[in-house]
Structure formats: C-alpha cells, structure tokens
Amino acid sequence: MSTTAARPVPPAPVCAPAQVGPCAGCGHPTHRYGLGGCPLCVVCLAKVEAGRAK
Ligand SMILES: [Zn+2]
C-alpha cells in the first residue's frame, strides 16, 4: 500500500536567483519575478489551464 503520494515537483527555475520566489500555489521555488516571471510554477499553471479548459 503506497502512502507516499508523489506530489508533482516543478523543475528548478533557470533564471537569476533574484527572480526566484515561492509558487503561490505549492510553495516550490519558481521563476516568479522579473521578465517572464509568473506567481505560479509550471505544475500549478498547468492545473489552472486544465481547469480553464473544462
Ligand atoms: Zn506551484
């Protein structure tokens, strides 16, 4: 019986460290600030997009 549900972890941000911040959804470090930044990581963003598609 599996008790450790694998939570999707976003890939490490490939931007300047100063532009890294916690994801608004899951708290994982993500490219949050500056050019191309987003308050949500790719994993949470995908969930939002999936919800929109319905
Ligand atoms: Zn997230």
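Each value, and the rule that gives it
- Here the residue numbering is sequential within each chain, running from 1 through the sequence in written order.
- Totals for whole chains, interfaces and linings use every residue, but because this is a predicted model, local features are given only for residues with pLDDT of at least 70 and side-chain atom pairs only at 80 or more, for both listing and counting.
- Only hydrogens and water are removed before side-chain values are computed, so all heavy atoms of the structure are retained for them.
- A donor here means any N, O or S atom no more than 2.8 Å from the metal (3.2 Å for Na, K and Ca); water is not included, so a site may seem to lack partners.
- Working definition: helices are DSSP H or I runs of at least four residues, strands are E runs of at least two. Numbering for both runs from the N terminus.
- Working definition: with a 1.4 Å probe on protein chains only, accessible area under 20% of the residue-type maximum means buried, over 50% means exposed, and in between means partly exposed.
- For salt bridges, the criterion is a side-chain nitrogen of Lys or Arg within 4 Å of an Asp or Glu carboxyl oxygen.

Attention shifts here to the coordination of the zinc ion. Looking at the zinc ion, one finds its protein donor set to be Cys23 (SG), Cys26 (SG), Cys41 (SG) and Cys44 (SG), positioned 2.3 to 2.4 Å from the metal centre. Donor residues for the zinc ion, ordered by position in the chain, follow C-x2-C-x14-C-x2-C. Linking Cys26 in the loop between strand E1 (20-22) and strand E2 (29-31) with Cys44 in helix H1 (residues 42-53), this pair joins segments that are 18 residues apart in sequence. Residue Cys44 is classed as buried on the basis of its relative accessible area of 9%.

So, about the pattern of salt bridges. On inspection of all chains with the given rule, the structure shows 1 salt bridge. Between Arg52 and Glu49 there is a salt bridge, with the nearest N and O atoms lying 3.7 Å from each other. Here Arg52 and its partner Glu49 are both found in helix H1, 3 residues apart, which amounts to about one turn of the helix. Its relative accessible area of 64% is what places Arg52 among the exposed residues. The class for Glu49 is partly exposed, based on a relative accessible area of 45%.

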